[in-house]
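A closer look at the structure
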Amino acid sequence: MAAYKIQVVTGMALHARTLDSISITLVGSLAEGEKRLLDPFGADLLPGAADVYHFHEKKDLGDIQLIRLHKEPFSFFPESSWFCKKVTVDSPAGKMYHFPCYRWIEGYITVELPEGTATLASAEVHNSFLLKQRKNELKERQETYKWKVYHTAFPRCIDVEDAKELDSNVKYSTTKLLNFGLTLGTSLLEVKLKGFLTCQESWKSLQDLKRVFWTHKTATSEYVSQHWEEDAFFGYQFLNGVDPTMIKKCNKIPDNFPVTDSTLAYILGPETNLAVELQRGKIFIADFKILEGVPANILNGRQQYVAAPLCLLYLSPQDEMIPLAIQLNQTPGPENPIFLPSDSEWDWLLAKMWVRNSNFSTQQALSHFLHTHVFAEVFCISTLRQLPMAHPLYKLLIPHHRDTLQINALAREVFIGPGGSFDKGAGIGVAGLTELISREMQSVTYTSICIADDLKSREVESLPNFYYRDDGLKIWSAIESYVSGIVDFYYKGDKSIQKDQELQAWVREIFKEGFLERQSSGMPSSLQTRAELIKYLTMVIFTSSAQHAAVNSGQFDFISWMPNTPGTMRQPPPKTKGTATLESVLEILPDVGATTNLMVTARVLSDEPGDRRPLGTYPDELFTEEEPKRCIKAFQERLSQISAEIESRNESLPVKYNYMNPKVIENSVSI
């Protein structure tokens, strides 16, 4: 007789327990054990419980390679879900085997769990039983997680009509869902009671904006409301605002932007000129050409308007990024004037508002939604479909895909779908957003989603006071070091990467479904070396965590004061100078209802709704070997150092840049 000790751990959620009958079968290298009923008497499998069972098999089963959990009806009770965290098995030889689960088990089914040691399929080449288990697991997942064409020019997404159809294992926890609903519900209720949400009138004054949310404010949102008119703060937002990806170095003034030395003398002064400052690398540009011709929304029966501005900026001797000139459309001419800081107060302020409105559109559609949410969803679905639970890269990546399918399904349903808040408050609306993403997909590159490469291509690596860059590169390096440790432990050479068919299928599917097989994107369709794999994995994790935080978490801070980032404009860009007044600007800016819709959205999306998992937090013990555990610990220690460095720097800043602080970065795109 061979004695086995089995421990079964149930999740902590109140409804994690089950009243169904649970049995277990041990499958060893020498034999398969009997199907054993886990004690049906007493209160077993309660939330948070670690239940222990002792069984005797007729003979030693050898190394326990796999267990089967059988979930079957019990008496007259209806079927109930069960969240199994993990199972451990102590063998007669004194060896403990770990079987991570961390999933909801629903229905009357049998679930096979491989032993927790991460393995490549090539290591199982002589074990047809385990190879079959891997293939069966992927076949089941591929039936559960299918691709759907949301739009022919878009990356593919999960095949569900709404979030309710998602598998339980990719949904929000009950806590998170309740908090999300509560924040959205209370925000909507507050503005409805005040009569703002459906109001189609113009704002009577800018100070009336303070009435939307009396209690919800942040230190940064208050700073924005006080300094939004300042040129230096306008330029600051291109570096450390909610979209730090737009600005690039200007080496030559575009032919369609006819600025001259005399035009810019007001800012540059008599001691220098444009050619000198271009040579010194002090001139930068934000070009919104991608917006040219994008269809504008109609809100409350009224046509909205879109501009495609060019904005020239100057890094001053005081290391401030200040705007030099703004042209609101791409084609120069007498009806497309170049606005300057020397113009009247309201002319210049209105020109800056138009730029901020354009940046709102590109940030929402591209740097935020496409480059983080959509790509993260592609990474997530491919991971679920192509990497079995035993694969080391599944264990590495799955924490960084948590809740991504849920928030994206909600986004398509509530925020960016027809009739959603974006359609009710944004100048480009759903049609414009669709057109923008379609255009961007023709030019997006691997370079643009790897921060160091992107910074180099924009020639902004040496800009002072560029905290997004400073913090982002540190976090990329920390992730890269962590990933390197995992890759080096499991892949002993480049050939092992080339022969890993599961890995190659994962990369190939991302290229096909996410980047639509566009060779010019530079996205790999296969990986050949460890260096390539490390960079690719780092990109996936960084995109799904730090990059999303950089372009999402500051939305309420910078958007809630509407004049700083208007979501729409109700009149076309001015064709002449000298006509703007406070009254005319209030008629151009969004009406009360459109403003309020976007403020509610920004509030909801800027706050993680409970059940948080900060970057590097891995409560699910998917890795069971000591070396990956050591890698995780070293990663967490480095992230802690980065947090301390950020907090120390922020002490002396008038506006704290905290979006890339690992303490507040979520592991995944989850809001």
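Everything that follows concerns the structure shown earlier in this document.
In this report, we go over the structure that sits alongside the text.

In this section: empty space enclosed by the protein. Tallied over the entire structure, the rule returns 6 cavities of 30 Å³ or more. Of the volumes computed, that of the largest cavity is approximately 170 Å³. In this structure, the largest cavity is lined by 13 residues; those nearest its centre are Gln364, His368, Phe415, Ile416 and Leu605. Top contributing element to the lining of the largest cavity by residue count: helix H7 (residues 345-386), with 4 residues. In this structure, the second largest cavity occupies an estimated 60 Å³ of space.

We now examine the pairing of strand S4 (residues 50-57). The alternating pattern of S4 places Asp51, Tyr53, Phe55 and Glu57 on a buried face, while none of Ala50, Val52, His54 and His56, on the opposite face, is buried. In terms of strand pairing, strand S1 (residues 2-10) meets S4 through 8 bridges, oriented antiparallel. Residue pairing across strands places Ala2 opposite Glu57, the latter belonging to S4.

Okay, the pairing of strand S15 (residues 310-315) next. Most of S15 is tucked away, with 6 of its 6 residues classed as buried. Along S15, one buried face is formed by Leu310, Leu312 and Tyr314 and the opposite face, lined by Cys311, Leu313 and Leu315, is buried too. Of the strand pairs in this sheet, strand S12 (residues 283-287) and S15 are connected by 5 bridges, and their pairing is antiparallel. In the strand pairing of S15, Ala286 is matched with Cys311. One ladder, built from 6 bridges, connects S15 with strand S16 (residues 321-327); its direction is antiparallel. The residue bridging Leu312 from the neighbouring strand is Ala325, located in S16. Hairpin connection, S15 to S16: the antiparallel pair is bridged by 5 residues, and Asp319 has positive phi, about 60°.

Right, let's talk about the layout of surface pockets for a bit. Considered as a void within the structure, the second largest pocket measures approximately 720 Å³ in volume. In terms of lining, the second largest pocket is formed by 27 residues, of which the most central are Thr245, Met246, Glu440, Ser448 and Asp454. Its residues assigned to classes, the lining of the second largest pocket comprises 10 nonpolar, 10 polar and 7 charged.

Across soluble globular proteins, you tend to see nonpolar side chains buried next to one another. Ranked by internal contacts, the top residues of the largest apolar core, which has 167 residues, are Trp506, Tyr536 and Met539. If you tally residues by element for this core, the top one is H7, at 21 residues. With 26 residues, the next largest nonpolar core counts Ala31, Tyr53, Tyr97 and Ile105 among its residues.

Bringing the packing of H7 against helix H15 (residues 501-514) into the picture now. Relative to each other, H7 and H15 sit at 145°, their axes nearing to 9 Å. Crossing handedness for the pair H7 and H15: right-handed. Contact residues: Phe375, Val378, Phe379, Ser382, Thr383, Arg385 and Gln386 in H7; Glu502, Ala505, Trp506, Glu509, Ile510 and Gly514 in H15.

This brings us to helix H1 (residues 128-144). In an α-helix, one turn spans 3.6 residues; hence positions three or four apart end up facing the same way. Here H1 contains 17 residues, and its C-alpha end-to-end distance of 24 Å stays within 8% of the 24 Å for a straight helix at 1.5 Å per residue. Along H1, the positions that sit buried rather than exposed are Leu130, Gln133, Arg134, Glu137, Leu138 and Arg141. Each buried residue of H1 sits inside an arc of 125° when the element is viewed along its axis, so together they form one side. Of the exposed residues in H1, those oriented more than 90 degrees away from the buried face are Ser128, Lys132, Lys135, Lys139 and Glu143. On the buried face of H1, the contacting elements are strand S5 (64-72), strand S8 (110-114), H7, helix H8 (392-397) and H15.

With 23 residues, helix H16 (residues 530-552) extends 32 Å between its outermost C-alpha atoms, agreeing within 8% with the 33 Å of an ideal straight helix rising 1.5 Å per residue. Approximately 45° is the largest bend angle found in H16, and it occurs at Thr543. Most of H16 is tucked away: 19 of the 23 residues are buried.

Analysis parameters
- Residues numbered from 1 in each chain as written.
- Predicted model: local features only at pLDDT ≥ 70, side-chain atom pairs only at ≥ 80, totals over all residues.
- Heavy atoms only, no water.
- 1 Å grid on protein atoms, 1.4 Å probe; cavity = no way out; pocket = protein on both sides within 12 Å on 5 of 7 lines; lining within 4 Å.
- Points joined across faces, edges and corners; volume = space filled by probe spheres on them.
- Helix = DSSP H or I, 4+ residues; strand = E, 2+ residues; numbered from the N terminus.
- Buried < 20%, exposed > 50% of the residue type's maximum accessible area, 1.4 Å probe, protein only.
- Pairing = 2+ DSSP bridges.
- Nonpolar A, V, L, I, M, F, W, Y, C, P; charged D, E, K, R; others polar.
- Core = buried A, V, L, I, M, F, W, Y, C linked by side-chain atoms within 4.5 Å.
- Axes fitted to C-alpha atoms, helices over the stretch in contact; angles between N-to-C directions.
- Left-handed = near helix turned anticlockwise from the far one by under 90°.
- Contact = heavy atoms within 4.5 Å.
- Expected span 1.5 Å × (residues − 1).
- Arc of directions from axis to C-beta.
- Bend = angle between axes of the 7 residues up to and from the residue.

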